[in-house]
Amino acid sequence: MKSVTLGQVLDPTHTAVVVVDVQNDMCAEGGLLHKLGRDLGPFGLMVDNVQMLLASARKVKVRVIYLENTALPDYSNISGPWMKISYTKFKYLDQRFHEHPLTVDGSWGHRTVKQIAPQEGDIVIKKWRSSGFLGTNLDQVLRCSGIETVVAVGTSTEGCVYCTVRDAQDHDYRVVVAEDCVTTGRKDVHAAALTLLQHRVVVIPSTDIEAAWGGYESKRRTSQSS
Amino acid sequence: MRPSIKGTSRLSATHLSKRYKSAVRWRRRFLTDPCVFNKVPLEIHRFDGRPTRRVDLLKIGNLSSSVKVVEGAQIPRNSLVPDRLPPDRRPPKLSGGPLMKPTSQGTIQGSSTCGPLLEFRISEGRPKLGEGWMEEFRGVQMLTTLQELVDPAHTALLIVGMQNDTCAPEGVLDKSGRDLQPFRRMIGATEDALSGARDNGVLVIFVQNYCSPDTRLGAAWLDYVFGRLDFLADGMRPPFTVPGTWGVATIDELSPAPNEAVVMASRSSAFFQTNLDQVLRTNGIKSLVCTGASTEGSIDSTVRDALLRDYYAVILEDCVTSDREDLNELALALLRGRTDVTSSAEVTEIWRSQSAGRRRL
């Protein structure tokens, strides 16, 4: 069986960056989780790294797809099991005491943070559960664009990123996780999730990804100048 | 005869049939008569029991002045018949058809958004397994205690993996050098859980992972599968769990009974492109009790997919295993942050006591 190199995997013609849940409610000052006490330090670093990665992605024409976690304001898309997770498990979010859920459709908290706001040509997909593939047209969009590799960035490492990465692998995409572009509130949980992901997919620093794309950029420049 | 209402002179048109005209007259009278209007259900309940916005109904008829619509007020909870509550918790059906009574004040109250619940039990802390109660929040029923979660009436036991080629002596992976000890260790507890389920009316479903010997499963997927089996010699890709062979069958100690469903899964997740979701929904299953191998692979994927698809999941920590103990621990630690992890003894005890209770009745 022929083995593939990282450069081949990250070929810009068949790669897409999927930005998972970098939204105001999760990562920005004034968002719901910030108001509930979340420390935004790691999230600020993550957003800076994502910004740099996206800049180098756009230079080589890699497609960028944003996933935005969405909830309907009257809880009509939230089931018992789904509410139970936030009620009994998540540290900050106790749905009983809030008028509206996290990332309500159409609110400021739902939008991607301004620093990495979607540009023209980017695709924005609303997602309703942790995995970006469940109930969305993400798979359709990726297949029709000829995407074979997904570069995953965003939050949270053990939740939405983990589920989306796992689902992408089930759907036969090669997945590369940029380890400094994913984060979550707790460092130990983040480390545990990255360890498990290393046994499934490729987990590398974003500088390696940018270096691979840099190789393609110089190839493109040489072919244009010649 | 009531004077005709402005804007409805079409009834004088002669080409309209008598039957049509009398139907229109009846409808108009029904909607405009104040005493009749109070008996009309002012809330159209959707199929799942949740009411639509009250203001839409203003368009369908003329409201007489005795009826007042109050925006932003609470709908009295007692008068609704939500479908999501179990039968013994639903208020008694009102006779005569209308779905709800007018309020005691005689005014019709409406709200355009859901406000805070009227009846709500405040708890000091979060309920742990074994404490707590069935919660209801905004019409959504939440099961929080272990007794509720694994009730045999709506629970299925999932046995994932545990197949001859992956963990039985003389299987392909055993011959390729896999250490079977982690798998043999948990068979006893899993057998107990399986017999507990069979004795107490819990639905049992087997999930068999298969791997086809060529690239039809996808090069990326096969790269992951064989990359993960790090005991294999470099470049070795022996076909294992090939459909139709002895290797794909579940091991003898846990073999499926003829009437038990077997789901063939090509990926880690037992829900991916299988009919497992259909089997669960048609049997009214709300909770999955998960056992089998591997914790960080099939169990992790299946449990996460179950939670995304609105099932509850309970993992039996002494009935899941992996050939890497460290990954087993990490996966369980992360899954504890999403769902409930408990022991097989606790769950089988609940099954025994609950079905014994039912038999007594």
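Look up: the structure comes first, before these words.
(A) Representation of the overall build of chain A within the structure. Of regular secondary structure, chain A possesses nine helices and six strands. Its C-alpha atoms give chain A a radius of gyration of 18 Å, within 12% of the compact-globule value 17 Å for 226 residues. Summarising its shape, the C-alpha atoms of chain A cover approximately 65 × 35 × 35 Å along the three principal directions. Within chain A, the fraction of its 226 residues that count as buried is 58%. Considering only contacts in chain A between residues 6 or more positions apart, those separated by 24 or more positions represent 80%.

(B) Summary view of the sheet that holds strand β6 (residues 202-204) of chain A. Residues and elements named next belong to chain A. Judged by pairing direction, the sheet is parallel, and its six strands sit side by side in the order β3-β2-β1-β4-β5-β6 without closing on themselves. Bordering the open sheet on either side are β3 (123-127) and β6, each of which pairs with just one other strand. Sheet twist, expressed as the average angle between the axes of neighbouring strands with direction ignored, equals 25 degrees. Where strand β2 (residues 63-69) and β3 come together, five bridges link them in parallel fashion. Bridging across to β3, Ile65 finds its partner in Ile123. Each of β1 (15-20), β2, β4 (149-155) and β5 (174-183) touches helix α4 (residues 41-59); the most contacted strand, β5, lies at about 135 degrees to it. The strands touched by helix α8 (residues 187-198) are β5 and β6; relative to β5, the strand with the most contacts, the crossing angle is about 165 degrees.

(C) Examining the nonpolar core more closely. Val17(A), Val19(A), Ile209(A) and Trp213(A) are the most contacted members of the largest nonpolar core, which has 35 residues in total. Put simply, the parts of the chain that give this core at least two residues each are β1, α2 (24-27), α3 (32-35), α4, β2, β4, β5 and α9 (206-225) of chain A. Non-local contacts of Val19(A), meaning those with residues more than four positions away in its chain, are made with Leu54(A), Val64(A), Ile65(A), Tyr66(A), Leu67(A), Ile116(A) and Val153(A). Met83(A), Leu158(B), Leu288(B) and Ile299(B) belong to the second-largest nonpolar core, a separate cluster that totals 34 residues.

(D) Up close: the side chain of Ser130(A). Locating Ser130(A) in the fold gives a position in the loop between β3 and α6 (138-144). Classification of Ser130(A) as buried rests on a relative accessible area of 3%. A polar contact is formed between the side chain of Ser130(A) and the side chain of Arg338(B), at a distance of 3.3 Å.

(E) Focus on the sheet that holds strand β10 (residues 340-342) of chain B. Residues and elements named next belong to chain B. Overall, parallel pairing links the six strands, which are arranged β7-β6-β5-β8-β9-β10 in an open sheet. Edge strands, defined here as strands with exactly one partner in the open sheet, are β7 (261-265) and β10. Across the sheet, the axes of successive neighbouring strands diverge by a mean angle of 25 degrees, strand direction being ignored. Strand contacts of helix α6 (residues 181-199): β5 (155-160), β6 (203-209), β8 (287-293) and β9 (312-321), with the helix running at about 135 degrees to β9, the strand carrying the most contacts. Lying on the sheet, helix α10 (residues 325-336) is in contact with β9 and β10; it crosses β9 at an angle near 160 degrees.

(F) Representation of the packing of aromatic side chains. By the definition in use, this model includes four aromatic pairs over all chains. Between Trp221(B) and Tyr224(B), the aromatic rings sit 5.1 Å apart at their centres with planes inclined by 55 degrees, giving tilted as the arrangement. Taken together, the residues span about one helical turn, with Trp221(B) and Tyr224(B) both in helix α7 (residues 219-228) at a distance of three residues. With relative accessibility at 12%, the residue Tyr224(B) sits in the buried group. Taking the ring centre of Tyr216(A) as reference, the NZ or CZ of Lys219(A) above it sits at 4.5 Å. One cation-aromatic arrangement involves Arg304(B) over Tyr162(A); the distance from NZ or CZ to the ring centre is 4.1 Å.

(G) Region of the structure containing the packing of helix α7 (residues 160-170) of chain A against helix α9 (residues 295-308) of chain B. Running from N to C, α7(A) and α9(B) cross one another at 110 degrees; their axes reach a closest spacing of 11 Å. When the axes of α7(A) and α9(B) are compared, the pair comes out roughly perpendicular. At the point where α7(A) passes α9(B), the crossing takes the left-handed sense. Where α7(A) approaches α9(B), its residues Tyr162(A), Cys163(A), Arg166(A) and Asp167(A) are matched on the opposing element by Glu296(B), Asp300(B), Ser301(B), Arg304(B), Asp305(B) and Leu308(B). Residue composition of the contact of α7(A) with α9(B), by class: three nonpolar, one polar and six charged.

(H) Looking closely at unusual backbone geometry. Backbone torsion omega between Thr155(A) and Ser156(A) reads -10 degrees, so that peptide bond is classified as cis. Along the chain, Ser156(A) falls in the loop between β4 and α7. The amide bond that connects Ala293(B) to the next residue, Ser294(B), takes the cis arrangement and shows omega of -15 degrees. In this structure, Ser294(B) sits in the loop between β8 and α9. A positive phi is found at Thr241(B), a non-glycine position, where the angle reads about 45 degrees. Secondary-structure assignment places Thr241(B) in the loop between α7 and β7.

The rules we used
- Residues numbered from 1 in each chain as written.
- Chains lettered and ligands numbered in written order.
- Predicted model: local features only at pLDDT ≥ 70, side-chain atom pairs only at ≥ 80, totals over all residues.
- Heavy atoms only, no water.
- Helix = DSSP H or I, 4+ residues; strand = E, 2+ residues; numbered from the N terminus.
- Rg over C-alpha atoms; globule rule 2.2 N^0.38 Å.
- Buried < 20%, exposed > 50% of the residue type's maximum accessible area, 1.4 Å probe, protein only.
- Contact = heavy atoms within 4.5 Å.
- Pairing = 2+ DSSP bridges.
- Axes fitted to C-alpha atoms, helices over the stretch in contact; angles between N-to-C directions.
- Core = buried A, V, L, I, M, F, W, Y, C linked by side-chain atoms within 4.5 Å.
- Polar contact = N/O pair within 3.5 Å; in protein donor to acceptor, adjacent residues only side chain to side chain.
- Phe/Tyr/Trp six-rings, centres within 6.5 Å; stacked < 30°, edge-to-face > 60°.
- Lys NZ or Arg CZ within 6 Å of the ring centre and 35° of its normal.
- Parallel < 35°, antiparallel > 145°, perpendicular 65-115°, else oblique.
- Left-handed = near helix turned anticlockwise from the far one by under 90°.
- Nonpolar A, V, L, I, M, F, W, Y, C, P; charged D, E, K, R; others polar.

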